[in-house]
Amino acid sequence: MVTGTRLRVAAAATFLLLTLAFAIPRLGTWLVIEDPLTKADAIFVLGGTRFERPLEAADLYLAGWAPIISLVEQGPEWAEGWLADKGVTYETELQTQVRVLQELGVPAESIRVIDPQDSTAAEADALLATMRRQGWSSVIVVTSKQHTRRAGLSMRRAIGNEGRVIMRASRYDQSDTDRWWTNRATIRFTLFETQRLFAYWVGLAD
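Just so we're clear, the structure is a prediction, and the values are computed from it rather than from any experiment.

(A) Representation of helix α3 (residues 52-62) in the model. Most of α3 is tucked away, with eight of its 11 residues classed as buried. Of all the residues in α3, the buried ones are Glu52, Arg53, Pro54, Glu56, Ala57, Ala58, Leu60 and Tyr61. Following α3 by one or two positions, Gly64 has its phi on the positive side, about 90 degrees.

Right under this line is the structure:
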């Protein structure tokens, strides 16, 4: 009886190890999910990178996929308040992004700005509010590769049947998702996104 139990435990452990050995190397690419590109009313750029995501939006705009780029403004760092108190002038991240987009050929009237948001779920709610206000029915959402799966879930849950979301990963994201374990930054991002997805599924996070 004991021998049979041990055999079952050993078999279960072997199956688990084989499953992990198969799944873990594919974790990086599993997090990446994109939709086929179609023309949309706007390009919505999720916050979190200085240039990686806005540059993809510029390429999509210049290729004619949508007539509007919407940027999410990043909240100020505490050090920015210190600079302001000292009377030091500086260019904010948003100002830099807008300037770069314009230099790449995106006119100022085609750029919209969303107030700072503190999570992907908050960005999804802001997107829905913007779509309602602007009358948009379809939006291309741009983010980093391994953020696409979770971001897509958040965007579609918020928007529901009120519009169409097209998820796109930035081509300026150089993360090697096929070998995600070979780079420290990619390891951190992969594990963070995996944890957040698990929390999302069990209802512990938005």
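After that view of the structure, there is still more to cover.
(B) Structural view of a nonpolar patch on the surface. The grouping of Trp30, Leu153, Phe198, Trp201 and Val202 at the surface amounts to a nonpolar patch, some 520 Å² of accessible area in total. Tracing the sequence through the fold places Val202 in the segment after α8 (184-201).

(C) The arrangement of the environment of Glu162 in detail. Of note, Glu162 is situated in the loop between α7 (148-159) and β5 (164-169). Since its relative accessible area comes to 42%, Glu162 is described here as partly exposed. Taking the C-alpha atoms as reference, Glu162 lies 9.3 Å from Trp136; in sequence the two are 26 residues apart. Residues contacting Glu162, with those up to four places away along its chain left out, are Leu128 and Arg132.

(D) Geometry of the side chain of Arg53. With respect to the element layout, Arg53 can be found in helix α3. Buried charge Arg53 goes without a salt bridge, the closest partner of opposite sign being Glu52 at 4.4 Å. If we ignore the near neighbours within four places in the chain, the residues touching Arg53 are Val45, Leu46, Gly47, Gly48, Val142, Thr143, Ser144, His147 and Ser170.

(E) Fine view of α7. If you check α7, its first and last C-alpha atoms are 16 Å apart, about what 12 residues at 1.5 Å a residue would give, namely 16 Å. All of the buried residues in α7 are Thr148, Arg150, Ala151, Gly152, Ser154, Met155, Ala158 and Ile159. Close packing links the buried residues of α7 with α6 (120-134), β4 (138-143), β5 and α8. Gly160 lies just past α7 and shows a positive phi near 55 degrees.

(F) Spatial organisation of the side chain of His147. Note that His147 resides in the loop between β4 and α7. Note on His147: relative accessible area 4%, which makes it buried. Not counting residues within four places of it along the chain, the set of residues in contact with His147 comprises Leu46, Arg53, Thr120, Phe189 and Glu193.

Rules used throughout
Residues numbered from 1 in each chain as written. Predicted model: local features only at pLDDT ≥ 70, side-chain atom pairs only at ≥ 80, totals over all residues. Heavy atoms only, no water. Buried < 20%, exposed > 50% of the residue type's maximum accessible area, 1.4 Å probe, protein only. Helix = DSSP H or I, 4+ residues; strand = E, 2+ residues; numbered from the N terminus. Patch = residues over 30% accessible without salt bridge, like charges linked within 9 Å, V, L, I, M, F, W, Y side chains within 5 Å. Areas by Shrake-Rupley, 256 points an atom, 1.4 Å probe, with all protein chains shown as cover. Salt bridge = Lys/Arg side-chain N within 4 Å of Asp/Glu carboxyl O. Contact = heavy atoms within 4.5 Å. Lys, Arg positive; Asp, Glu negative; His and termini not counted. Expected span 1.5 Å × (residues − 1).

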